[in-house]
Amino acid sequence: MNDAVVQLIQQIKETQISTSQDLEDFRLKYLSKKGAIQQLFKTMGSLTPQERATFGKDVNDLKVLAQNTFEEAQSRFENQHTVLNSATDDLSLPPIAKNIGSVHPLTKTLQEMKSIFYRLGFNIADGPEVEDDFHNFTALNFPPNHPARDTQDTFFVRKNEDPAIPDLVLRTHTSPVQIRLMEKQAPPIRSIMPGRVYRNEAVSPKSYFLFHQVEALYVDHNVSVADLKESLITFVKLMYGSDVTYRLRPSFFPFTEPSLEMDIWWGSKESGKWLEILGSGMVDPNVFKAVNIDPEIYSGFAWGMGVERMAILKYEIDDIRTFYENDIRFLHQFV
Ligand code: DAH
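Numbering of residues starts from 1 in each chain and follows the order in which that chain's sequence is written. Only residues with pLDDT of at least 70 are given local features in this predicted model, and only at 80 or more are side-chain atom pairs given and counted; all residues enter the totals for whole chains, interfaces and linings. Calculated side-chain values reflect all of the structure's heavy atoms, with hydrogen atoms and water omitted.

A.B. asks: Quick rundown of the overall build of the chain? Include the residues and the values.
C.D. replies: Strands here are runs of E lasting at least two residues and helices are runs of H or I lasting at least four, both read from the DSSP assignment and numbered beginning at the N terminus. Along the backbone of the chain there are 13 helices and ten strands. With the radius of gyration taken over C-alpha atoms, the globule rule is written as 2.2 Å times the number of residues to the power 0.38. On C-alpha atoms alone, the chain measures out to a radius of gyration of 37 Å, which is more than a quarter above the 20 Å that the 2.2 N^0.38 rule sets for 335 residues. Summarising its shape, the C-alpha atoms of the chain cover approximately 115 × 55 × 40 Å along the three principal directions. Each residue gets one of three labels from its accessible area relative to the maximum for its type: buried under 20%, exposed over 50%, partly exposed in between, using a 1.4 Å probe on protein chains only. Split into buried and exposed, the 335 residues of the chain put 40% on the buried side. Only heavy atoms matter for contacts: two residues are in contact if any of them lie within 4.5 Å across the pair. Relative to all contacts within the chain whose residues are 6 or more apart in sequence, the contacts with residues 24 or more apart total 64%. The accessible surface values rely on the Shrake-Rupley method and a 1.4 Å probe; as for residues, cover is taken only from the protein chains in view. Of the roughly 19100 Å² that the chain leaves accessible, carbon and sulfur atoms contribute 52%.

Written out as structure tokens, the structure is:
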């Protein structure tokens, strides 16, 4: 084989085409009208017919090799979205940082709450967001047509005059999950029930029609108010630090008796104020009866708290709507 042909084959095989500029250089050098292969064809005139036959074949093979090499590199680039450009891309530069997402402050707060309850020996349960009247109200000892139902600003999914067809609501609290849990599981029960709840409230910096609660339920033999207080205090210290200032106030909920609310002192000693963080109480005997648990044998405590409220305090957020707008500038503060 002709020396020039052998050399070119060698060269082509060794060529590295890694940028679009390399590809263009390759085309100009070998495949263009003024390229090395055309130059070889031009020398054929000076050969004998015999030489010309073998030389012609060799140069043709060379051309096929060059073309294949070119096309292979070209299609490699087409498949790659980024074509490196030797003039601008420096492979030794550090990569451009990716826009990394962040955990939503509500998720973060919920994770923290969950991890505290895991330490206290609670597991997690959940229930549906579309509830029937029985679980959301009746079994929780809300009497029919009782005004307490109104305080919940219920969204109705199905409201029917016929008493045989149950009303369906968007659950107004996570307390119905207590009922579902006790219906299917015999005590001892020690669970938390996080989830979304809905109330027909005007949207403002302080209220939204959707928010999140965490319900806690502990049912066993001999559960007392002292156990409730002990658990509340442990929780609030783990959540807000052991120096947190708190108070317990008597309250009312249809599903607990007695009922307590917990406040924590927020802000400085002089200019701070009490903020309510949760409702709680001893499970009302009527609630146990609704789920066929004997209140003579078992007792329990329950509590419910808002995740938004906890996050607002934790991260000093002053507008509840920011949690749902997903404005990147807000979310980026939590990276
Ligand atoms: N379900 C109540 C509400 O949404 C909160 C609550 C209060 C839950 C007392 C409880 C409880 O489990 O014992 O306002």
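A.B. asks: Mind laying out the packing of aromatic side chains, listing which residues take part and the relevant values?
C.D. replies: By convention, a stacked pair of Phe, Tyr or Trp rings (six-membered ring in the case of Trp) has centres within 6.5 Å and planes under 30 degrees apart, an edge-to-face pair has planes over 60 apart, and any other such pair is tilted. This structure, assessed with the given rule, holds 19 aromatic pairs. Between the aromatic rings of F323 and F330, the centroid separation amounts to 6.2 Å while the plane-to-plane angle is 75°, which identifies the pairing as edge-to-face. Aromatic side chains F330 and F334 sit 5.2 Å apart centroid to centroid with 70° between the ring planes, which places their arrangement in the edge-to-face category. For the pair F330 and F334, a shared accessibility class is recorded, and that class is buried. Linked through ring pairs, Y208, F209, Y315, F323, Y324, F330 and F334 together constitute an aromatic cluster. Geometry around F77 places R76 over its ring, the cationic atom sitting 5.7 Å from the centre. The positively charged end of K314 is found above the aromatic ring belonging to Y240, 5.6 Å away from the centroid. Over a ring means this: the NZ of a Lys or the CZ of an Arg is within 6 Å of the ring centre and within 35 degrees of the ring normal.

A.B. asks: Please provide a residue-by-residue account of helix 4 (residues 49–79), values included.
C.D. replies: Over its 31 residues, helix 4 runs 45 Å from end to end, which matches the ideal 45 Å to within 8%, given 1.5 Å per residue. For helix 4, the full list of buried residues reads F55, G56, D58, V59, L62, A66, F70, A73 and F77. Expected helix span is taken as 1.5 Å per residue step, with the number of steps being one fewer than the number of residues.

A.B. asks: Help me get a handle on the nonpolar core, residues and values and all.
C.D. replies: Core analysis: the biggest nonpolar cluster contains 43 residues, and F117, F235, W303 and M305 have the highest contact counts within it. Broken down by element, the residue count for this core peaks at six residues, all from helix 9 (residues 225–240). Residue contacts for F235: discarding those within four places in its chain leaves M113, I116, F117, W303, M305 and M310. Put simply, buried Ala, Val, Leu, Ile, Met, Phe, Trp, Tyr and Cys residues joined by side-chain atoms within 4.5 Å make one nonpolar core.

A.B. asks: Quick one: what's the story with the environment of P143, residue by residue and with numbers?
C.D. replies: Relative to the helices and strands, P143 is located in the loop between helix 6 (133–136) and helix 7 (147–150). The sequence separation of P143 and D318 amounts to 175 residues, and the corresponding C-alpha distance is 36 Å.

A.B. asks: Tell me about the site of the ligand, residues and numbers included.
C.D. replies: The environment of the ligand is formed by 15 residues, the closest being H173, S175, R199, Q213 and E215. A 3.5 Å cut-off defines polar contacts: any pair of N or O atoms within that distance qualifies, except that in protein one atom must be a possible hydrogen donor and the other a possible acceptor, and neighbouring residues in sequence count only when both atoms are side-chain atoms. Between the ligand and E215, the relevant distance is 2.6 Å, taken from an oxygen atom to a side-chain nitrogen or oxygen of the residue. Separating an oxygen atom of the ligand from a backbone N or O atom of A302 is a distance of 3.1 Å. Coverage of the ligand by the protein chains reaches 91% of its 360 Å² of free accessible surface. Those elements giving two or more residues to the shell around the ligand turn out to be helix 8 (175–184), strand 6 (210–220), strand 9 (273–283) and strand 10 (299–306). When we say a residue is near a molecule or strand, we mean one of its heavy atoms is within 4 Å of it.

A.B. asks: Can you lay out the sheet that holds strand 10 for me, pointing to particular residues and giving the numbers?
C.D. replies: Strand pairing is assigned whenever DSSP detects at least two bridges linking the two strands. A sheet is described by the order of its strands in space; here seven strands give the open sequence 1-5-6-10-9-8-7, paired in mixed fashion. In the strand order of this sheet, the two ends are held by strand 1 (123–124) and strand 7 (246–253), each with one partner. Relative to strand 10, strand 6 runs antiparallel, the two being bridged by eight bridges. For V219, the partnering residue across the bridge sits in strand 10 and is G300. As a rule, the C-alpha atoms of each element are fitted with a line to give its axis, helices using only the stretch in contact, and angles between N-to-C directions run from 0 to 180 degrees. Against the sheet, helix 5 (residues 105–119) makes contact with strand 1, strand 5 (189–198), strand 6 and strand 10, and its axis sits at roughly 5° relative to strand 6, the strand it touches most. Sheet strands in contact with helix 11 (residues 307–315) are strand 6, strand 8 (256–266), strand 9 and strand 10, and its direction is about 60° off that of strand 10.

A.B. asks: Pulling in residues and values, what's your account of helix 1 (residues 3–14)?
C.D. replies: Relative to the 16 Å expected for twelve residues at 1.5 Å per residue, helix 1 spans 17 Å between its end C-alpha atoms, a close match to the ideal helical length. Every buried residue of helix 1 is listed here: V5, L8 and I12. The buried side chains of helix 1 occupy one side of the element, clustering within an arc of 65° when seen end-on. Residues D3, Q7, K13 and E14 are exposed on helix 1 and point more than 90 degrees away from its buried face. Lining the buried residues of helix 1 we find helix 2 (20–31), helix 3 (36–42) and helix 4. Its side-chain oxygen at 2.7 Å from the backbone nitrogen of A4, N2 defines the N-terminal cap of helix 1. This arc is taken over the directions from the axis of the helix to the C-beta atoms.

A.B. asks: Please give an account of the packing of helix 9 against helix 11 that cites residues and values.
C.D. replies: The relative placement of two packed helices is expressed as an angle between their axes plus a distance between the axes. The N-to-C vectors of helix 9 and helix 11 enclose an angle of 45°; their axes lie 11 Å apart at closest approach. By the angle between their directions, the pair helix 9 and helix 11 is classed as oblique. Residues F235, M239 and Y240 of helix 9 form the contact with helix 11, whose own contacting residues are M310, L313 and K314. Residues were grouped as follows: Ala, Val, Leu, Ile, Met, Phe, Trp, Tyr, Cys and Pro as nonpolar; Asp, Glu, Lys and Arg as charged; and all remaining residues, including Gly, as polar. Taken together, the residues that form the contact of helix 9 with helix 11 break down as five nonpolar, no polar and one charged. Small angles under 35 degrees read as roughly parallel and large ones over 145 as roughly antiparallel, with 65 to 115 read as roughly perpendicular and the rest as oblique.

A.B. asks: Account for the sheet that holds strand 4 (residues 168–170), with residues named and values stated.
C.D. replies: Whether parallel or antiparallel, the strands of a sheet pair through hydrogen bonds between backbone atoms. The antiparallel open sheet is built from three strands, whose spatial order is 2-4-3. Looking at strand neighbours, the two that pair on one side only are strand 2 (130–132) and strand 3 (156–158), the edges of this open sheet. Recorded for the sheet is a direction-independent mean angle of 35° between the axes of neighbouring strands. Across three bridges, strand 2 lies against strand 4 in antiparallel orientation. By the bridge assignment for strand 4, D132 is matched with L168.

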